[in-house]
Amino acid sequence: MTANVAVETTPEVPLWNDPAHDIDTRVTALIDAMTLQEKIAQLYGVWVGASDEGGEVAPHQHDMEEAVDLDALLPTGLGQLTRPFGTAPVDPALGALSLLRTQTRIAAANRFGIPAVAHEECLAGFATWGATAYPVPLSWGATFDPELIRRMAAAIGRDMRAVGVHQGLAPVLDVVRDARWGRVEETIGEDPYLVGTIGTAYVQGLESTGLVATLKHFVGYSASRAGRNLAPAPMGARERADVLLPPFEMAIREGGARSVMHAYTDTDGLPAAADEDLLTGLLRDTWGFDGTVVADYFGIAFLKTLHGIAGDWADAAGAALRAGVDIELPTVKTFGAPLVEAVTAGRVPERLIDRALRRVLTQKAALGLLDPDWNPVPAALDGADLDDPDALRGSIDLDTAGNRALAREVAEKAVVLLTNDGVLPLDRPRRIALVGPNAVEPTAVLGCYSFPLHVGVHHPESPAGIDLPTLRDTLAAEFPDAEITVVRGTGVDDGDVFGIPEAVQAARDADVVVAVLGDRAGLFGRGTSGEGCDAESLALPGAQQQLLDALLDTRRPVVTVLLAGRPYALGRAVDEAAAIVQSFFPGVEGTAAIAGVLSGRTEPCGRLPVSVPRGPGAQPTTYLGARLAHASEVSNIDPTPAFGFGHGLTYTTFAWSELAVDAEEAATDGEFGLSLTVRNTGERPGTEVVQLYLHDPVASVVQPVQRLVGYTRVPLAPGESRRVRVTVPADLASFTGRDGRRVVEPGELELRLSASSAEPRLTARVRLTGEPREVDHTRRLHATFA
């Protein structure tokens, strides 16, 4: 904390508003001038909805909270506005007008003129009416393309900043530990390095636009027991350190994320929201994070209502503040009157308020919200006639042609071809039987945090706001001469089997069957995938497997297409389907991307970010397991997947050869140099994804059989070859040792250059020499490819 010093300033501009002084000095002066109530007012948000008429926002009435009286709150100030665009359908221009009028009111109501930070969800695009719905994060992982995801995030961030939003609640950096968990669609995959690199790229894209990226959920949310939402997380300290924390380390260190959201999780009896060792000791003292920690929605109140470690709201507020939580979201509850009373009574030290407030005001100052020339008019409304709301309606386009092109690029690179007996690409079929519950469902491409499914379902009178072509639409455009017969067969999860005979007849009359199966995204049991939509097993929902088996029985070529939020066991289809195409909620351009792969207009190049199970019940399992987590003679359950992490076919073939190792030994602070040749041996262009896995045969603690430590995409024309070189620092062999410290140990290693976790192509056997070496969060994180 900076000591108070005499600083000259003009009487017209208070010191805290004067950009001639450094931010710390300005913030210190502002804190010193505030009352307790004014300080605490900066530490909470209020959930609001923008007006579709351009008027001021109205408080959102949530069934978990009492109504909020803005007139009573605003004179002391306000920290955040929760989801002004993402609470109800509103025209973007009128939403922006509503937000600016509200910000003007907020700044005018408090004596320091401080506006609020407006935050929104952006898990798969700006979650507001009329904005492009991009592929979900599981599809980002399937691209294995950080630069593409960086560009996508920058486009999302530009749209949000243009209408006055300051903070985005993304990305999710939870590593999949059990695919039954409903929020798998929101994750990037089951490998921490993939999650870290793709998630960091997303953070870099958002932050490049001035938007504050928020990492969530810190930490362990995805490790819940049996894949149940909010269930206790029985992870050990080593699993947390080596699997769940690295993506957050990377996104803070390399991505520059300015906010972190605590998880709902309790681990070994300690909720994350009250974990001082996590939120202060590790995050701030060790990693050096200097941004804000925000509560997951209602997470502080949950310390009392769900976790039972607080006796009243003040206890909950005090526990969260002590741990390091700075801002209560989505609305004021524990940080309101209960906290004021607790500080006044001496139950909560005011220094904890000041600590959190300094972080909040520092971020507001960095966003320009304390500057004397702050202007509530966002860029998208600059120069517009703000007195004519009707003229503004429809003037802001958040689903531009550029956005759609970028969404299609991501969707195309995320399509994963799991099997293909040669039927794909389809050669001008005359008759196509298009079967399944997702064949003509427009929203089948959307995840649960897309606006139409997250909010729009509560407003059936409102149109979706974006064009959502079905697979029937895009196949008709892709194969204009084909006769397409559409049969639903069964619903996603209704168990209805009465339509299966009609589907079978359509299949028998067709040249090829396209079976479109998978999920329906929703929230808290309203879907088969999404938050609170956990699965008992990884069998296809409802009667979809029965439909698929009946189609396979026709002996017609069946192309199985999955529009899903998680991987599913596919039974006989693994061996009997003519082809299997996996897509994870691919967004507004998803069906066009799939149709392009089916026709061969685009080349499949996605790779699995999660393993696809062979059976529905061998959970929890990921490829990232120790020896005893894999198939063995001591258990009758075989968790071997049907398709391993990183798997994906193309329409060509590749040969890997000429592995060279610069030196087979390196010190524990050194590095290895490898090179290989990758050649396209087929007749079509294609992209190979070279994946580097590390296997440590002998270590002081149990290690996974292998883990991803690097990857690169290698696009090649027919007959083209490329020499790929990779430098592998010894730091990548580090792990958490017996004493809880991260160490690089001497000994033998295998560096496996692989097409997937189940398909090693070339292996370099090398040795680390010297003494064990302790490393920390400043270690080298990447193998470098050239």
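So, a few notes on the structure that sits alongside this text. (Residues numbered from 1 in each chain as written. Predicted model: local features only at pLDDT ≥ 70, side-chain atom pairs only at ≥ 80, totals over all residues. Heavy atoms only, no water.)

Remarks on the environment of Lys364
Note that Lys364 resides in helix α14 (residues 350-366). It is 18 Å that separates the C-alpha atoms of Lys364 and Gly324, two residues lying 40 residues apart in sequence. Here Lys364 is in contact with Gln42, Leu78, Gly79, Ile114, Pro115, Ala116, Val117, Leu369 and Leu370, once residues within four sequence places are set aside. From its side chain, Lys364 meets the backbone oxygen of Gly79 in a polar contact 3.2 Å long. (Helix = DSSP H or I, 4+ residues; strand = E, 2+ residues; numbered from the N terminus. Contact = heavy atoms within 4.5 Å. Polar contact = N/O pair within 3.5 Å; in protein donor to acceptor, adjacent residues only side chain to side chain.)

Quick word on the packing of aromatic side chains
The geometry of an aromatic ring pair is captured by the separation of the ring centres together with the interplanar angle, meaning the angle of the planes. Per the stated rule, a full pass over the model turns up 14 aromatic pairs. On the basis of an interplanar angle of 75° and a centroid distance of 5.1 Å, the ring pair of Phe144 and Tyr711 is categorised as edge-to-face. Within this pair, whereas Phe144 is found in the loop between α5 (137-143) and α6 (146-162), its partner Tyr711 is found in strand β21 (residues 707-716), the two being separated by 567 residues in sequence. Seen from their ring centres, Trp181 and Tyr221 are 5.0 Å apart, and the 80° between their planes marks the pair as edge-to-face. Note that Trp181 is positioned in the loop between β5 (167-168) and α7 (192-207) and Tyr221 in the loop between β6 (212-218) and α8 (237-244), a separation of 40 residues in sequence. Members of the aromatic cluster, each reached through a chain of ring pairs, are Phe144, Tyr193, Tyr623, Phe645, Tyr693 and Tyr711. The ring of Trp313 carries the charged tip of Lys304 above its face, separated from the ring centre by 4.7 Å. If you follow Arg761 out to its NZ or CZ, it ends over the ring of Trp656, 5.2 Å from the centre. (Phe/Tyr/Trp six-rings, centres within 6.5 Å; stacked < 30°, edge-to-face > 60°. Lys NZ or Arg CZ within 6 Å of the ring centre and 35° of its normal.)

Notes on the pattern of salt bridges
Two side chains that carry opposite charge are able to pair once their charged atoms sit near each other. Considering all chains together, one arrives at 47 salt bridges under this definition. Between Arg601 and Glu478 there is a salt bridge, with its nearest N and O atoms 2.8 Å apart. Separated by 123 residues along the polypeptide, Arg601 in the loop between α22 (590-599) and β17 (654-661) and Glu478 in helix α18 (residues 471-478) bring together distant segments of the chain. When salt bridges with common partners are traced through the structure, they connect Asp145, Arg151, Glu409, Lys413 and Arg713 into a single cluster. (Salt bridge = Lys/Arg side-chain N within 4 Å of Asp/Glu carboxyl O.)

Re α18
All buried positions along α18 are accounted for by Leu471, Thr474 and Leu475. The buried side chains of α18 occupy one side of the element, clustering within an arc of 100° when seen end-on. (Buried < 20%, exposed > 50% of the residue type's maximum accessible area, 1.4 Å probe, protein only. Arc of directions from axis to C-beta.)

Re the nonpolar core
Tyr202, Phe218 and Leu424 are the most contacted members of the largest nonpolar core, which totals 229 residues. Not counting the four nearest positions on each side in its chain, Leu424 is found in contact with Leu417, Val559, Ala579, Val581, Leu598 and Tyr651. Core analysis: the second largest hydrophobic core is formed by 30 residues, Leu694, Ala764, Val766 and Val775 among them. (Core = buried A, V, L, I, M, F, W, Y, C linked by side-chain atoms within 4.5 Å.)

Concerning the pairing of strand β26 (residues 759-769)
Bridge analysis of strand β18 (residues 665-667) against β26 gives three bridges, and the strand direction is parallel. Across the sheet, residue Ala666 finds its bridge partner in β26, namely Leu768. Sheet topology note: the strand β25 (residues 747-756)/β26 ladder contains nine bridges and is antiparallel. Within β26, the position partnered with Leu751 by the bridge is Ala764. Hairpin geometry of β25 and β26 is characterised by an intervening segment of two residues between the two adjacent antiparallel strands. (Pairing = 2+ DSSP bridges.)

With respect to helix α12 (residues 313-323)
Here α12 lies mainly inside the structure; eight of its 11 residues are buried. For α12, every residue scored as buried is listed here: Ala314, Ala316, Ala317, Gly318, Ala319, Ala320, Leu321 and Ala323. For α12, the secondary structure elements touched by its buried residues are α10 (276-286), α11 (302-305), α13 (337-344) and α14. Regarding α12, its N-cap is Asp312, as a side-chain oxygen of that residue lies 3.2 Å from the backbone nitrogen of Ala314 further along. Once α12 ends, the next one or two residues include Gly324, with phi positive near 130°.

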